[in-house]
Structure formats: C-alpha cells, structure tokens
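Overview (structure and organization)
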Amino acid sequence: MRAVLMAGGSGTRLRPLTCDLPKPMVPILNRPISEHIIHLLKRHGIREVIATLYYLPEVMRDYFRDGSDFGVSMTYAIEEDRPLGTAGCVKNTEALLDDTFVVISGDSLTDLDLTAAIAYHKQRGSVATLILTRVSDPMEFGVVITDQDGRIVRFLEKPSTSEVFSDTVNTGTYILEPQVLKYLPRDKEMDFSKDLFPLLLANNEPMYGYVAEGYWCDVGSLDTYREAQYDALWGKVDLQINYREVSKGIWVGENTVLDSSVTIEAPVLIGSNCRIGPRVKLASGTIIGDNVTVGADADLKRPVLWNGVLIGAEAQLRACTLARGARVGKRAHILEGAVVGALTHVGEEAVIHPTVRVWPSKKIEAGATLSMNLIWGTTATRSLFSHRGVMGLANIEISPEFAVKLGAAYGATLKPGSSVQVSRDQRTISRMISRSLVSGLMSVGVNIQNLEATAIPIARYVAPILEVEGGIHVRVHPELNDRLLIEFFDSQGINLSKAREKKIESTFFKEDFRRARIDEIGEISFPSRTREYYGAGFIDQLNGEALRNSPARVVIDYAYGVSGAVLPMLLGKLSCDAVILNAALTPNAPPNSKQREGLITQLSNVVEALQATFGVQIFANGERLILVDEAGVVLRDEMLTALLVELVLTANPRNTVVVPIEVCGAVEQIARRHDGRVVRTKSNPTALMETVAASSNVVLAGSAQMGFIFPQLHPGFDAMFAVAKLIEMLTLQDRSLSQTRQDLPKINHRHQTIRCPWTSKGALMRQLVESHPREQLELLDGVKIQLSDEEWVLILPDAGEPLVHIYTNGSSRNRLDLLSRQYRDMVQEFTACDPLEEGEPD
C-alpha cells in the first residue's frame, strides 16, 4: 500500500519558526514532524511514500532523499506554479495510485492505529474513509457527523462558533480508493473537505468515518507546537526517540557533556554534541537540540531549543522556543510563550516579554526590554473579528497603534490605488481611531473617501455611489459603551464575508504588508454630497403624498446620536410633524443601557402628554430603534419584530421577510395571514444582508436585536428609514400601533443565557445532536430542535464569549415554561454552570 504525505504547508501561524523551513520539517523531540509520520507509516506496513511539496520543497527533499535511510521509498510531487489544495495535489499523483492508498498530513503529530482504520475501510466497502477524533475545541477543524453505521451524513470545514454541532473532527488522514480521484479536475486547486467530499456525498458514494483512539494534534499554532513537544516528552504519544535513556525520563545524545553539578528534573531530552555548564538547572519539560551550549548557572524551565542554540551564563528561559542558531547573552531573560527566530542574537541582560515573537536574524541590544513583536508576528488571540466586526476596549485593546496595523492589513488585501470610505460616529475616541485606520490604509497605497461623522445607514447607502472597494465604520458599541466596534463592508455596503474577514485576519497576524513608495501613498478626500445622495434615495422610496397628508405626530429621541443631524431635515421635507428629543451631538460617550432606559421613560411620558401617534428612540448610530405606542407602552424585542412584520406584509402581501434563526415563531403565523413567506438565516448581520442581496422579493429583513433592513433603499439596517416607513404604513392602513399590537398572535418566546466553557461547546452540540431524532434537527446555526409546528428550542453558542444561548418557542405559556426549564437544566447539567439570565417571556 502507498501513502501520500501532504507536506506543502508553509505554516504561516508558526512563524517565525517557519520562515526558512516548511511546517512538516519543524522538529518534535529534535526530529521533523514528517519523520515521525514516516515512522508511523512504516510501523503499519506502508513503505512507499509520495510526498507532495510546495513551500521550500528542497528542504524536505534534501533531508529524506530517496527514503532509504528511513526504511521507506520516497517519491516527490512538487506543485511548481501555485498550490493545488489538499485534493488537487493528490490528483496530480493519480498515475502512481492504482490501489487503496492513505493520505496523511505531514504537519500533524499522531500515533493513530492506521492498520485498524484500513481494516475498517475494507470491511465497510468504503471509497473514502475519514479518520476522526474528538477534540475539546473543534472550530479550527472539519466537524463531521456520522450515522449509527459510521456513514458520513454531514461535515463542515472549520466552522464558526455558532456552526459547531459536534466535537468529532477530521484529522486530515484518509483512506481512499483510486476511483474517487475521477471527481477531480487536473491542475486545479481543490480541497478534500470543501470540494471532493461534498461531491462524494452528492453522488451517494459510500463514505465512512472511523473514530480512532490514540493521540492526534494538529500543530497549527505556536502554542499547540509547544504542547505537542511536551506531550511527546511526557509519553502521551508513541514516538521513536533516537537518544539513549540514561535514567527514567532523561534522554541524552552521543558526545554530550554535562557538568557534574548540573541539576536535572525528569523528563528532559538533551541532544547530541551538547555542552551543559556548571550549576545549570534543567526543569522537567526542557527539550534541547543537537549541538547546543548552555553556560554556567543558566536556569532552564521547559524551553524548546533547536539545534545549534547558544545560551549564555545565568540566562533564564521560561517555556519559550528558540529556533536554529539563536544566541542568548549572559543574564538575559526570555519568558513564557516567547519565540525567537533562527540566527537571532539576544544581547546580555535583555528581556523578552511573554508571547513576544522575534523574526529571524534580528539583533536585540544588550539591556533592551522587548514587549512588542519585532518586525513581524502576533499575540495568540482567539479571533480578530467578532460576529459583527472588530470589537475591543476603547484605547486599550483597540488603540491607535492597533488601528494603524488593522488599516494596513485591510488595505493590503486590496489592490494599490483602490479607494475605501471611512466613517464614524461623533465621539472623540472614534475620531482618533478612524484617523489611525486612515494612516494604515494610506501607508499601503489605498485612497480614502473620508465621510467623517456619519450615520452608518448613510455610509452603506453611498458606498456604490462613491464606487469604493469597501468601507470602514468606527463607533462606540451600542450596548457596551467602554468598547469600540469597527465594522467593514464591501462595495455594496454589505458586511464582509467570513472569507474576506479571514483574509484580513491572516494579513494582520502575519504583518506581511506591502509598503507604498512616497509617490504611491494614498490620497484623502472628503465627499460633500453624501447626505444629499441618501436623502434623495430616502424620499424616492416613500409615498410622499401619504406622508405629507398624514395626521401623525411623532416624538423622536435621537439619544445624542448623529441621526439627529439627518432625519429631522428629511422629515421636514416630507412635512411630517415630529417632536425632537436629545438631538444634540455630544463628543462624549453615548448613553449606556441604563441611561437609555431613562430616556425611554422620558419618551413615553412625552408621547402620552402630547397624545402623539407614537414615539421612537433611535440608537446604534442610526441602525436600531425602540417604539412607544400612543398609550406609552414600550415595544421592543420579539414584539417589535412581529409588529414590523405585520405592518410590512399588510402593505406587501405575498412577499418574503428574512429573520435570524432565533426570532419567535409568531412571524410565520403572521406571514401565513398575508400569503407571505419567512426565510431564516444564521444569527449574524452578514447572513441577513447577503440573503437580502441575493433575493428579489424580500420586503423586510432583520430583528429588533439587530435592526431592520428595507431592501428597496439599501441592504443594511436603517432605523431612520424605518421611522418614515412606519408613518407611511400607519397612515395608509389607518391603524395605530396599539391596534396593530393587539392584532398580533400570542408570542410565547424566551431567551436564556448560560455560561459554557469554550472547550465544552463542541461536546454539548454533539450531545444535543445525538440525543434527538434527526428529523427534529435543524443545523443552520447552532442546534435547533423542532418539536412541533409551533414549538422549538434553539441552542446557540455565543460567537465571542464562553456562553450558550437558549431560545425557546412554545405553543402556550405553560409549554414555554416547561421547555425552557427542561433545556436549561439539560445544558446546565452538561456544563455545570448556572444561567446568567433567566429571561422573561417576550
């Protein structure tokens, strides 16, 4: 049997360690990962290996040559022009694969039982068997679901938090029959999980998953690299160690000299030809490569030292990684998680702070303290983007230097000379950060259309008019006023796709930006007619006659936001009677949630006192609203969503509304009244906007929690247009908000929030999937259990916090209470956490 060893990875997330060698050649216990994989293949009787190479192919080819020194026969297939993807590179070796073969990743550390997996493959008559394992955090891997017989029914490559429905993941090791390659075109980039396996499922080919016991680690980051080293040293994975075990847990290579005063705490591995000086302390977990010298009185606690490293006297190393040929001066300190690239010189008494990364061939002067990455690199963050842009503590996590880097990262994904619009709310902190973003964009040759303080609906509307490649909007978070939110959108004003966000994130973490020449620096301009453009479109999409003749009187609380500088002018042009509250623009922080509640109380009182038609508070920089009916009753959450759906479908029967998956079931009942249709999307703004942009008969999209989209104007949330549309609809339908509210079906809906550790989310989702019949399950986003037409429960992992959301829809109040309690208890029992919010019925 032959094996294809996929060894083309460049390992960008392992930099600076992989700047000069491919990821499969990174050492574990002083031997390349790919060498450990070859030993594994050989143990299971596979001695013919085809290695697919792309990044620095000569490194692996020069090391293994024909494979005879390692007891195998090696053949190489090099992707010359461009990477062909995991499946495309295997397709190009098709002529060498005439029988069952194994595909295995060259950058994962494992001791999985390949013999048992191959036997399972043949027993099942499978054309493709995926070797699976279970992990605590499945978001970086392909999640797989099989039926009771092991046949694969669904998988998702690298899901987002809310898409995790199992903790059973794809290890990147497959047993395949040659005929599966007929589904792949030649010389085209193709991926197993994204391209080949969906084709096999669609053609009903027998494809199975084998859940293997044993150790598996995808060495995908610097943290997991260090963990894999320690796991190997502690014997958690069955590897071949090429040194003599001089005492239990202590391995020492040939020609190594240790001073008699050296203190060693097992387990420790020391390579060949090393010199360890007097009174050196080697704590358990220390890994030392070949040809390493350690000076007197050095204190080493769990560092990973590659070949040829030199450590000066009295140096202190703490769980750090030093690449080939690095030199560390006397009394230098390198702290936890720091990584020093190859041939870098760290001066005497220098200090490198935790998690700092230093690229190869740098010089750190004596006595220097390094607290930021030198030239390239990143800290270990879970994710740069949240479910709605980039969010962080104002001037702490999102600082000017962070924003410059973020702007440069975004600009580097665009062509030089592209134009980007930048807008913000009126807050001082937003002005500062937007200017930093502008600097970063200009530094990579991107031109700026600076809209300055602008409501975000206007920014989205004018994006196609200004013919920009995309836009950035900076604002204080509408719910957390100590945090900033930076949102990115495309040329049509729609939030960027996950793929575009990942591209920006990758560029940000690598800091691999181009630098424009002086004559290529981006230019900045200030468009002057953006409000005019928006106003023309705004009025054109309304029934002007109905609004001008409307008897409605509306009280509008602008909550000190920029919409207060826009909407009064537009309503004035339409002769609408509007009473204005809190329209002054203040550069200070916006009202927090508690303060906004006080403004809503004020609004309710004014509506009643003036006997107004309704009141509305506009917040979130013009995207969201809360209503108050003529009786002073506040309308929000599910009631507000249902009310908007009722009014819009009354005006536009037999059309479609789009809502996020968690919205109450009352919207379907309303749609049936009007021969309409409801489309549910994933619970994020981008999914809503993309669905609206791809459809032709959508008349409303969104929810009270996200905002409402009126697609005839633009594909983004717009509370300002919603106010004018409400006046129009109430006038034409001759209704009041209280009458409309009373006409709504009964809403039995509840939202609860429970803490759930990141490491438990995947297992929780798998437990829910496995404990319910498949016909009850919907896995669009989280796990939705459809118990009947009117009853369902949605368990949705939070995208940015260690939380799980439980949304319950019942046929009655009693059923709602019962189901809410049942699934709350089920999740609590699994996570051993108490609920943060019990949630009142909506």
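Let me sum up the structure you'll find in this document. Since the structure is predicted, the reported quantities are computational estimates derived from the model, not experimental observations.

A tally of helices and strands in the chain yields 21 helices and 56 strands. In terms of overall size, the chain behaves like a compact globule, its C-alpha atoms giving a radius of gyration of 30 Å where 842 residues would be expected to give roughly 28 Å. Referenced to the eigenvectors of the C-alpha coordinate spread, the extents of the chain come out at roughly 95 × 65 × 50 Å. Out of the 842 residues in the chain, the part that is buried amounts to 58%. A sequence separation of at least 24 residues applies to 61% of the contacts in the chain between residues at least 6 apart. Total accessible area on the chain stands at roughly 33,200 Å², and carbon and sulfur atoms take up 46% of it. Side-chain charges of the chain comprise 87 positive and 102 negative groups, with the mean position of each set lying 2 Å from the other.

The next thing to look at is the nonpolar core. In a soluble, globular protein the nonpolar side chains are often hidden away together inside. Among the nonpolar cores identified, the biggest contains 67 residues, and Tyr534, Phe538 and Leu627 are the most heavily contacted of them. Looking at this core element by element, the count peaks at 10 residues for helix 18 (residues 719-733). Excluding residues that lie within four positions of it along the chain, Phe538 makes contacts with Leu567, Leu570, Leu574, Leu713, Met720, Phe721 and Ala724. Of all hydrophobic cores here, the second largest spans 62 residues; its members include Met25, Phe70, Ala117 and Ala232.

Turning our attention to the pattern of salt bridges. In the structure shown here, the tally under the stated rule is 38 salt bridges. The residue Asp299 makes a salt bridge to Arg318 at a minimum N-O spacing of 3.1 Å. Of this pair, Asp299 sits in strand 23 (residues 299-301) while Arg318 sits in strand 26 (residues 316-318); the two residues are 19 residues apart in sequence, bridging distant segments of the chain. By relative accessible area, which is 14% here, Arg318 ends up buried. Ionic contacts of the salt-bridge type, sharing partners, join the residues Arg388, Arg460, Arg475, Glu487 and Glu623 into one network.

Within the secondary structure, Glu523 sits in the loop between helix 10 (498-510) and strand 41 (524-525). Since its relative accessible area comes to 59%, Glu523 is described here as exposed. Residues Glu523 and Val346 lie 177 residues apart in sequence; the distance between their C-alpha atoms is 40 Å. Leaving out residues up to four positions away in the same chain, Glu523 has contacts with Val446, Asn447 and Ile448.

Moving on, we come to helix 4 (residues 114-124). For helix 4, every residue scored as buried is listed here: Leu114, Ala117, Ile118, Tyr120 and His121. The arc that holds every buried residue of helix 4, seen down its axis, measures 160 degrees, which confines them to one face. Turned more than 90 degrees from where helix 4 packs its buried face, Lys122 and Gln123 sit exposed. Each element contacted by the buried residues of helix 4 is listed here: helix 1 (33-43), strand 6 (101-105), strand 8 (128-134), strand 11 (168-176) and strand 12 (207-211). One side-chain oxygen of the residue at the start of helix 4 lies 3.2 Å from the amide nitrogen of Thr115, identifying that residue as Asp113. Downstream of helix 4 by a residue or two, Gly125 has a phi angle that is positive, lying close to 65 degrees.

Attention now goes to the packing of helix 7 (residues 400-412) against helix 8 (residues 428-443). Two numbers describe a pair of packed helices, the interaxial angle and the distance between the axes. For the pair helix 7 and helix 8, the least separation of the axes is 7 Å and the interaxial angle reads 40 degrees. With respect to each other, helix 7 and helix 8 are oriented oblique. Between helix 7 and helix 8 lies a crossing of right-handed hand. For the pair helix 7 and helix 8, the contacting residues are Pro400, Ala403, Val404, Leu406, Gly407, Ala408, Tyr410 and Gly411 in the first and Met432, Ile433, Ser436, Leu437, Ser439, Gly440, Leu441 and Ser443 in the second. Partitioning the contact of helix 7 with helix 8 into residue classes produces 10 nonpolar, 6 polar and no charged.

A few words now on the pairing of strand 14 (residues 244-247). Alignment of strand 14 against strand 15 (residues 250-252), held across 3 bridges, turns out to be antiparallel. If you follow Glu245 over to strand 15, its bridge partner there is Trp251. The turn joining strand 14 and strand 15, which pair antiparallel and follow one another in sequence, is formed by 2 residues; a positive phi near 80 degrees is taken by Gly249.

Overall, mixed pairing links the 4 strands, which are arranged 48-47-49-50 in an open sheet. Across the chains shown, the open sheet's two edge strands, defined by having one partner strand only, are strand 48 (677-681) and strand 50 (707-709). Adjacent strand axes in the sheet meet at a mean angle of 20 degrees, parallel and antiparallel pairs treated alike. In terms of strand pairing, strand 47 (residues 656-660) meets strand 48 through 5 bridges, oriented parallel. Within strand 48, the residue paired with Val657 across the bridge is Val678.

A few words now on the packing of aromatic side chains. Tallied over the full model, the rule gives 16 aromatic pairs. In this structure an aromatic cluster arises from ring pairing among Tyr461, Tyr534, Phe538, Phe710 and Phe721. Positioned above the aromatic ring of Trp792, the side-chain terminus of Lys784 is 4.2 Å from the ring centre.

Reading across the sheet, the 7 strands line up as 16-19-22-25-28-31-34 and stay open at both edges, with parallel pairing between neighbours. Unpaired on one side and paired on the other, strand 16 (257-258) and strand 34 (363-364) mark the two borders of the sheet.

Parameters and conventions
Residues numbered from 1 in each chain as written. Predicted model: local features only at pLDDT ≥ 70, side-chain atom pairs only at ≥ 80, totals over all residues. Heavy atoms only, no water. Helix = DSSP H or I, 4+ residues; strand = E, 2+ residues; numbered from the N terminus. Rg over C-alpha atoms; globule rule 2.2 N^0.38 Å. Buried < 20%, exposed > 50% of the residue type's maximum accessible area, 1.4 Å probe, protein only. Contact = heavy atoms within 4.5 Å. Areas by Shrake-Rupley, 256 points an atom, 1.4 Å probe, with all protein chains shown as cover. Lys, Arg positive; Asp, Glu negative; His and termini not counted. Charge placed at Lys NZ, Arg CZ, Asp CG, Glu CD. Core = buried A, V, L, I, M, F, W, Y, C linked by side-chain atoms within 4.5 Å. Salt bridge = Lys/Arg side-chain N within 4 Å of Asp/Glu carboxyl O. Arc of directions from axis to C-beta. Polar contact = N/O pair within 3.5 Å; in protein donor to acceptor, adjacent residues only side chain to side chain. Axes fitted to C-alpha atoms, helices over the stretch in contact; angles between N-to-C directions. Parallel < 35°, antiparallel > 145°, perpendicular 65-115°, else oblique. Left-handed = near helix turned anticlockwise from the far one by under 90°. Nonpolar A, V, L, I, M, F, W, Y, C, P; charged D, E, K, R; others polar. Pairing = 2+ DSSP bridges. Phe/Tyr/Trp six-rings, centres within 6.5 Å; stacked < 30°, edge-to-face > 60°. Lys NZ or Arg CZ within 6 Å of the ring centre and 35° of its normal.

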